[in-house]
Amino acid sequence: MKKLFALSLLVAASCQTLVVASDFPVKDKPVTIVVPFVAGGPTDRVARDLAEAMRKPLGTTVVVENVAGAGGTIGANKVAKAPQDGHTVLLHHIGMATSPALYRKMPYNTMDDFEFLGMVNEVPMTLIGRPTLPANNFKELVTWIGQNKGKINLANAGLGAASHLCGLMFQQAVKTDMTTVPYKGTAPAMNDLMGGQVDLLCDQTTNTSSQIEGKTVKAFAVTTMKRLTTPALKDLPTLNEAGLKDFNVSIWHGMYAPKGTPAETVAKLNAALRAALKDPEFIKKQEALGAVVVTDKRTDGAEHKKFVAAEIAKWGPVIKAAGEYAD
Ligand code: ASP
């Protein structure tokens with residue numbers, strides 16, 4: 001009898017283990033990808049393509065929620081404090097690494113408050129201007145900047161956004177301070193640029209390539225050391241070859257869960273992310289927009305974490321030297 005009782009305890013225990021193991025995803029409960037910028041922008045675009053590609057490997061619905069503001073730190077903070085059940089994850093970009101240097105008081109700790117799920121892609125940026133801007137190439141732009149010092153507006157998605165970092169480096173390179181106009185993402189910044197309310201914007205190709213192709217904005221250069229091969233962007237010079245020596249900003253996206261999410265759930269999310277990164281449809285969509293899907297070891301959470309640590313070390317001094325910060 002005793003033996004039977006012990007056996008049933010054992011069965012119960014292993015059943016319980018089984019229940020825990022298969023707990024994620026909870027049936028009929030979606031996984032929410034939080035994007036820390038408004039809908040319609042480049043980070044949102046990557047997230048929506050990723051949501052579609054992760055649906056099948058996760059076996060549940062994947063939705064996108066835009067939690068915008070403060071250069072991405074509001075959305076990131078929401079995920080840092082979310083339930084640790086795998087159903088809320090963050091898709092963020094280089095802002096994960098630049099925010100710690102920009103904000104004196106961060107609401108979360110980038111390295112300690114997340115489980116790193118893996119890196120997604122690398123995306124070059126482009127320097128673009130309003131369609132009515134008199135300059136037609138980078139040389140003419142430099143002349144125009146020289147003639148309009150003190151009057152130039154440069155849009156961005158807030159302190160800590162990729163557009164902010166790129167704009168900061170650009171102002172330093174051309175030795176000109178511009179009035180920065182922060183938005184909650186570069187989708188509305190792009191609208192105002194097309195409408196002529198702001199002069200310049202530096203943004204990911206995932207947001208700018210179709211506007212460049214449609215000539216609704218003026219494109220001056222790409223921010224990487226090598227020219228791009230994407231048809232819409234292949235004729236653009238690099239800022240380096242146009243005269244801003246060594247100018248090089250390429251941004252990346254990664255995925256994160258709240259710290260304390262069970263290892264098994266993290267492994268399931270990572271496996272679904274890796275499957276999505278191999279999805280030919282996802283790769284095709286990203287490549288058409290000038291993004292390169294990551295296939296190397298940084299798709300592993302621990303490796304991506306090492307990469308983010310190196311990015312924090314790389315960008316911190318650049319930002320501090322520029323004297324930019326927010327309280
Ligand atoms: N591209 C934006 C940035 O400057 C963010 C976004 O709207 O996706 O970081």
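Just so you know, these numbers come straight off a predicted model, no measurement behind them. (Residues numbered from 1 in each chain as written. Predicted model: local features only at pLDDT ≥ 70, side-chain atom pairs only at ≥ 80, totals over all residues. Heavy atoms only, no water.)

**Notes on the pattern of salt bridges**
If you walk through the whole model with that rule in mind, you get 16 salt bridges. Arg48 is the partner of Asp44 in a salt bridge, and the nearest nitrogen-oxygen pair spans 2.9 Å. Here Arg48 and Asp44 lie together in helix 2 (residues 42-58), a separation of 4 residues that amounts to about one turn. For Asp44, a relative accessible area of 4% puts it in the buried group. The partly exposed category is assigned to Arg48, whose relative accessible area is 37%. (Salt bridge = Lys/Arg side-chain N within 4 Å of Asp/Glu carboxyl O. Helix = DSSP H or I, 4+ residues; strand = E, 2+ residues; numbered from the N terminus. Buried < 20%, exposed > 50% of the residue type's maximum accessible area, 1.4 Å probe, protein only.)

**Topic: helix 7 (residues 186-194)**
Residues Thr186, Ala187, Ala189, Met190 and Leu193 constitute the buried set of helix 7. Summarising the axial view, the buried residues of helix 7 lie within an arc of 160°, below the 170-degree limit, and thus occupy one face. Residues of helix 7 that are buried make contact with helix 2, strand 4 (114-129), strand 5 (153-156), helix 6 (162-173), strand 7 (200-204) and helix 8 (205-213). Of the residues trailing helix 7, Gly196 is marked for its positive phi of about 85°. (Arc of directions from axis to C-beta. Contact = heavy atoms within 4.5 Å.)

**Observations concerning the site of the ligand**
Contacts to the ligand come from Phe37, Pro42, Thr43, His93, Ala157, Ala161, Ala162, Ser163, Gly185, Thr186, Asp203 and Gln204. Measuring from an oxygen atom of the ligand, one finds a backbone N or O atom of Ala162 at 2.9 Å. In this structure, Asp203 approaches the ligand through a side-chain N or O atom, which is 2.8 Å from a nitrogen atom. Going through the elements one at a time, helix 2, helix 6 and strand 7 are the ones with two or more residues in the shell around the ligand. The residue makeup of the shell around the ligand, split by class, is 5 nonpolar, 6 polar and 1 charged. (Near = heavy atom within 4 Å. Polar contact = N/O pair within 3.5 Å; in protein donor to acceptor, adjacent residues only side chain to side chain. Nonpolar A, V, L, I, M, F, W, Y, C, P; charged D, E, K, R; others polar.)

**Quick look at the packing of helix 2 against helix 10 (residues 280-288)**
Running from amino to carboxyl end, helix 2 crosses helix 10 at an angle of 170°, the nearest separation of the two axes being 9 Å. Viewed along their axes, helix 2 and helix 10 adopt a mutual orientation that is roughly antiparallel. As helix 2 packs across helix 10, the resulting crossing turns out to be right-handed. For the pair helix 2 and helix 10, the contacting residues are Val46, Asp49, Leu50, Glu52 and Ala53 in the first and Phe282, Lys285 and Gln286 in the second. When grouped by side-chain class, the residues that make up the contact of helix 2 with helix 10 number 4 nonpolar, 1 polar and 3 charged. (Axes fitted to C-alpha atoms, helices over the stretch in contact; angles between N-to-C directions. Parallel < 35°, antiparallel > 145°, perpendicular 65-115°, else oblique. Left-handed = near helix turned anticlockwise from the far one by under 90°.)

**Considerations on the confidence of the model for the protein chain**
A residue-level look at the protein chain finds 92% of positions with pLDDT of 70 or above and a mean pLDDT of 91. With pLDDT under 50 throughout, residues 1-21 is counted as low confidence; its partners more than four residues away or in other chains account for 2 contacts. (pLDDT = per-residue confidence, 0-100.)

**Here's the deal with the packing of helix 4 (residues 95-102) against helix 11 (residues 301-321)**
In the contact formed by helix 4 and helix 11, the axes pass within 8 Å of each other and the chain directions differ by 45°. Judged by the inter-axis angle, helix 4 sits oblique to helix 11. At the point where helix 4 passes helix 11, the crossing takes the right-handed sense. Counted together, Ala97, Thr98, Pro100, Ala101 and Leu102 of helix 4 and Val308, Glu311, Ile312, Trp315, Gly316, Ile319 and Lys320 of helix 11 form the full contact between these two elements. Of the residues in the contact of helix 4 with helix 11, the class split is 8 nonpolar, 2 polar and 2 charged.

**Brief notes about the nonpolar core**
One finds Phe114, Leu141, Phe170 and Trp252 to be the most contacted residues of the largest nonpolar core, which totals 53 residues. Filtering out sequence-adjacent residues up to four positions away, Trp252 remains in contact with His92, His93, Ile94, Met96, Ala97, Met119, Asn121, Glu122, His304, Phe307, Val308 and Glu311. Core analysis: the next-biggest nonpolar cluster, separate from the first, contains 30 residues, Ile33, Phe37, Leu50 and Ala51 among them. (Core = buried A, V, L, I, M, F, W, Y, C linked by side-chain atoms within 4.5 Å.)

**What about the state of the cysteines?**
Tallied over the entire structure, the rule returns 1 disulfide. There is a disulfide in this structure between Cys166 and Cys202, and the S-S distance comes to 1.9 Å. The sign of the 55° torsion about the S-S bond sets the Cys166-Cys202 disulfide as right-handed. Residue Cys166 is found in helix 6, and its partner Cys202 is found in strand 7; the two are separated by 36 residues along the sequence. You can call Cys166 buried: its relative accessible area is 1%. (Disulfide = S-S within 2.5 Å.)

**Quick look at the environment of Leu200**
Assignment of secondary structure puts Leu200 in strand 7. Remark: the alpha-carbon pair of Leu200 and Val222, spanning 22 residues in sequence, is separated by 14 Å.

**Concerning helix 5 (residues 138-147)**
The α-helix winds at 3.6 residues per turn, so residues separated by three or four positions along the chain end up facing the same way. Those residues of helix 5 that fall on the buried side of the exposure criterion are Phe138, Leu141, Trp144 and Ile145. In a view along the axis of helix 5, the buried residues occupy a sector of 110°, so they form one face of it. Facing away from the buried side of helix 5 by over 90 degrees, the exposed positions are Lys139 and Gln147. Buried residues along helix 5 sit against strand 4, helix 6, strand 7 and strand 8 (218-222).

**Comments concerning the packing of aromatic side chains**
Aromatic rings in a pair are described by how distant their centres are and how their planes are angled relative to each other. Taken as a whole, this structure holds 5 aromatic pairs when the rule is applied. Between Tyr108 and Phe114, the aromatic rings sit 5.6 Å apart at their centres with planes inclined by 80°, giving edge-to-face as the arrangement. For Tyr108, a relative accessible area of 4% puts it in the buried group. Arranged with centres 5.2 Å apart and planes meeting at 90°, the rings of Phe116 and Tyr256 form a pair that is edge-to-face. Here Phe116, found in strand 4, pairs with Tyr256, found in strand 9 (residues 250-258); they are 140 residues apart in sequence, far enough to count as distant. Look at Tyr256 and you get buried, because its relative accessible area is 0%. An aromatic cluster is defined as three or more aromatic residues linked by ring pairs; in this entry it consists of Tyr108, Phe114, Phe116 and Tyr256. (Phe/Tyr/Trp six-rings, centres within 6.5 Å; stacked < 30°, edge-to-face > 60°.)

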